[in-house]
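# Examining the three-dimensional arrangement
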Amino acid sequence: MDVIFAVAPLLTGLALDILAGDPAWLPHPIVGFGKAISYFEHRLNHGAHRVAKGAFTAVGLIMSVYLLSLLLMDFLTPYPWVKCMVEAILIFFCLAGTTLVREVKMVFEAVDRSLDDGRRQVGRIVGRDTASLSAQEIRTAALETLAENLSDGVIAPLFWYMILGVPGMLAYKMVNTLDSMTGYRNDRFRDFGRWAARIDDFANYVPARLTAFLMVVASCRISLLSFVRRYGRSHASPNSGYPEAALAGILDCRFGGPHDYFGETVYKPYIGDNPRELTSRDMAVAIRINRSAELLMLLIVLATRL
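Rules used in this analysis
- Counting from 1, residues in each chain are numbered in the order their sequence is written.
- Residue-level local features of this predicted model are given only where pLDDT is at least 70; pairs of side-chain atoms are given and counted only at 80 or more, and the full residue set underlies all totals for whole chains, interfaces and linings.
- Remark: hydrogens and water are excluded; side-chain values derive from all non-hydrogen atoms of the structure.
- A run of H or I in DSSP counts as a helix once it spans at least four residues, and a run of E counts as a strand once it spans at least two, with each numbered from the N terminus.
- Atoms considered for the radius of gyration are the C-alpha atoms alone. The globule rule reads 2.2 Å times the number of residues to the power 0.38.
- Per-residue accessibility, obtained with a 1.4 Å probe over protein chains only, is compared with the maximum for each type, and a residue is labelled buried under 20%, exposed over 50%, and partly exposed between these values.
- Contact definition: two residues touch when any of their heavy atoms are within 4.5 Å.
- Surface accessibility in these figures is a Shrake-Rupley result with a 1.4 Å probe; residues are shielded only by whichever protein chains are displayed.
- Charged-residue counts in this description rest on Lys and Arg as positive and Asp and Glu as negative, His and the chain ends being excluded.
- Here the site of a charge means atom NZ of a Lys, CZ of an Arg, CG of an Asp or CD of a Glu.
- Definition of a polar contact: a pair of N or O atoms within 3.5 Å, with one able to donate and the other able to accept a hydrogen when the atoms are protein atoms, and with sequence-neighbouring residues admitted only if both atoms are side-chain atoms.
- Residues with no salt bridge and a relative accessible area higher than 30% make up the patches, which join like charges within 9 Å and nonpolar side chains (Val, Leu, Ile, Met, Phe, Trp, Tyr) within 5 Å.
- Salt bridges are identified by distance alone: a Lys or Arg side-chain nitrogen within 4 Å of an Asp or Glu carboxyl oxygen.
- Using only the protein atoms, space was sampled on a 1 Å grid; points where a 1.4 Å probe fits but cannot get out form cavities, open sets with protein on both sides within 12 Å along at least five of seven lines form pockets, and lining residues are those with an atom within 4 Å of a point.
- Grid points are joined across faces, edges and corners, and a volume is the space filled by probe spheres set on the points.
- All amino acids are sorted into three groups, where Ala, Val, Leu, Ile, Met, Phe, Trp, Tyr, Cys and Pro are nonpolar, Asp, Glu, Lys and Arg are charged, and the leftover types, Gly among them, are polar.
- By definition here, a helix of n residues has an expected span of 1.5 Å times n minus one.
- All axes here are fitted lines through C-alpha atoms, helices being fitted over the stretch that makes contact, and every angle between N-to-C directions spans 0 to 180 degrees.
- For classification purposes, an angle smaller than 35 degrees is called roughly parallel, one larger than 145 roughly antiparallel, one from 65 to 115 roughly perpendicular, and anything else oblique.
- A crossing counts as left-handed when the near helix is turned anticlockwise from the far one by less than a right angle, and as right-handed when that turn is clockwise.
- What counts as a ring pair is set by centres within 6.5 Å for rings of Phe, Tyr and Trp (its six-membered ring), and what kind of pair is set by the plane angle: stacked under 30 degrees, edge-to-face over 60, tilted for all other angles.
- Geometrically, a lysine NZ or arginine CZ counts as sitting over a ring once it is within 6 Å of the ring centre and also within 35 degrees of the ring normal.

## A word on the overall build of the protein chain
- Secondary structure summary: the protein chain contains 11 helices and two strands in total.
- Each helix and strand of the protein chain, placed in order from N terminus to C terminus, yields the pattern α-α-α-α-α-α-α-α-α-α-β-β-α.
- For a compact globule of 306 residues, the expected C-alpha radius of gyration is about 19 Å, and the protein chain comes in at 20 Å, within 12% of that figure.
- For the protein chain, the spread of C-alpha atoms along the principal axes amounts to about 60 × 50 × 40 Å.
- The proportion of buried residues among the 306 residues of the protein chain is 50%.
- Counted over contacts in the protein chain with a minimum sequence separation of 6, partners at least 24 positions apart contribute 70%.
- About 14700 Å² of surface is accessible on the protein chain, with carbon and sulfur atoms providing 63% of the total.
- Separation of charge centres in the protein chain, based on 31 positive and 29 negative side chains, amounts to 2 Å.

## Things to note about the side chain of Thr98
- Along the chain, the position of Thr98 falls in helix α5 (residues 97-113).
- Accessibility expressed as a relative area gives 2% for Thr98, which makes it buried.
- A polar side-chain atom of Thr98 sits 2.8 Å from a polar atom in the side chain of Arg291.
- Apart from the residues within four sequence positions on either side, Thr98 is in contact with Asp17, Ile18, Gly21 and Arg291.

## Examining a nonpolar patch on the surface
- Together, Val59, Met63, Leu67, Leu70 and Trp195 make up an exposed nonpolar region whose accessible area comes to about 430 Å².
- When residues of the nonpolar patch are assigned to their parent elements, the largest contribution, four residues, is made by helix α3 (residues 50-76).
- Looking at the secondary structure, you find Trp195 in helix α8 (residues 194-219).

## Considering the layout of surface pockets
- Here the second largest pocket is characterised by a volume of approximately 240 Å³.
- Taken together, 13 residues form the lining of the second largest pocket, with Glu137, Thr140, Gly256, Gly257 and Tyr270 sitting closest to its centre.
- Contributing elements (two or more residues each) for the lining of the second largest pocket: α7 (135-182) and β1 (255-261).
- Counting residues per element, the lining of the second largest pocket draws most heavily on β1, at five residues.
- Class assignment of the residues belonging to the lining of the second largest pocket gives a composition of five nonpolar, five polar and three charged.

## Regarding helix α4 (residues 80-94)
- Here α4 spans 21 Å end to end across 15 residues, near enough to the 21 Å set by a 1.5 Å rise per residue.
- Residues of α4 that are buried: Cys84, Glu87, Ala88, Leu90, Ile91, Phe92, Phe93 and Cys94.
- Tucked into the core, α4 has its buried residues touching α1 (2-20), α2 (29-44), α3 and α7.

## Re the packing of α2 against α7
- Direction vectors running N to C along α2 and α7 enclose 50 degrees, while the axes themselves pass 10 Å from each other. When the axis of α2 is compared with that of α7, the two are oblique. Handedness of the α2/α7 crossing: right-handed. Side by side, α2 and α7 meet where Ile30, Phe33, Gly34, Ile37, Ser38 and Glu41 of the first sit next to Leu170, Lys173, Met174, Thr177, Leu178, Met181 and Thr182 of the second.
- A per-class count over the contact of α2 with α7 returns seven nonpolar, four polar and two charged.

## Regarding the packing of aromatic side chains
- All chains considered together, the criterion is met by six aromatic pairs.
- Seen in terms of ring centroids, Tyr39 and Phe40 are 5.3 Å apart; in terms of plane orientation they differ by 85 degrees. Their pairing is edge-to-face.
- Assessed through its relative accessible area of 28%, Phe40 is described here as partly exposed.
- A ring pair is formed by Tyr184 and Phe189, whose centres lie 6.0 Å apart and whose planes are at 50 degrees; its orientation type is tilted.
- Judged by its relative accessible area of 9%, Phe189 falls in the buried class.
- For Arg209, the ring lying beneath its charged end belongs to Tyr205, and the centroid distance is 3.6 Å.
- Between the NZ or CZ atom of Arg254 and the centre of the ring of Tyr270, over which it lies, the distance is 3.8 Å.

## Things to note about the pattern of salt bridges
- Under the criterion given, the structure shown has 11 salt bridges.
- A salt bridge links Glu41 to Arg188; the shortest N-O distance between them is 2.8 Å. With a gap of 147 residues between them, Glu41 in helix α2 and Arg188 in the loop between α7 and α8 connect regions that are remote in the sequence.
- Residue Arg188 is classed as partly exposed on the basis of its relative accessible area of 42%.
- Because the salt bridges share partners, they merge into one network encompassing Arg113, Asp117 and Arg120.

Read these as geometric descriptors, not functional statements.
Here it is in structure tokens:
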């Protein structure tokens, strides 16, 4: 029975993610995280001491999520079946693999229909200006996002679940949400979001490199690890470059280059050196690698749970 309670929540949560993704009609705790962040940001992100205010917000929200979920798990301990179900639901909410896989498929299908459809569809999953993207740039943006999301949306939550259980998984999602909302180097968030960005860098340091390693193992091409080391560290982000480099090496393509962020052109280092045209076959290979890496991570976590 103890074995069942050790592995059932994870297997159930992962199965729900694979089968359902993130249903739009279902209330999502990450939306609540976003509202809490927005509440504090609007009230504190002005005047003096913005770095300290941002640190208070980031650390306070992360610790609150961790401690409250820890108390909830402790409260449910006398009711193992209820606890098992609650954990499964929370794990399901923390994983975001299937939804983005579906979105990436729709991007490739849309750009095959028309350039305008592709631009609109990719705009759902990237933060850059998509109005002038070419078909190649649309496909590249979708695959870059797929690689990053494998780390942020699947491997990292599972890693922190392995280390700190469901409370750690939820705390990681708060870290990730804080960074996605405030971790920008612009006038509004440069100071207030500094701690959120640094905490996110720390939380993703091991998972990003683990993600790249699992992708390479899934491709059965261990020699690509040298490619990942070479290009992963050239990315502006200390973490995002590693899963992107792994996928670029597997597909023998090139990511990065200039991106337009609503009037500001940002030049990102190229990852890879083959500027070939991407096709739907590349999308299918990328999704297969994603799912295989996810399975490998699941086996690792199950082994630690048992």
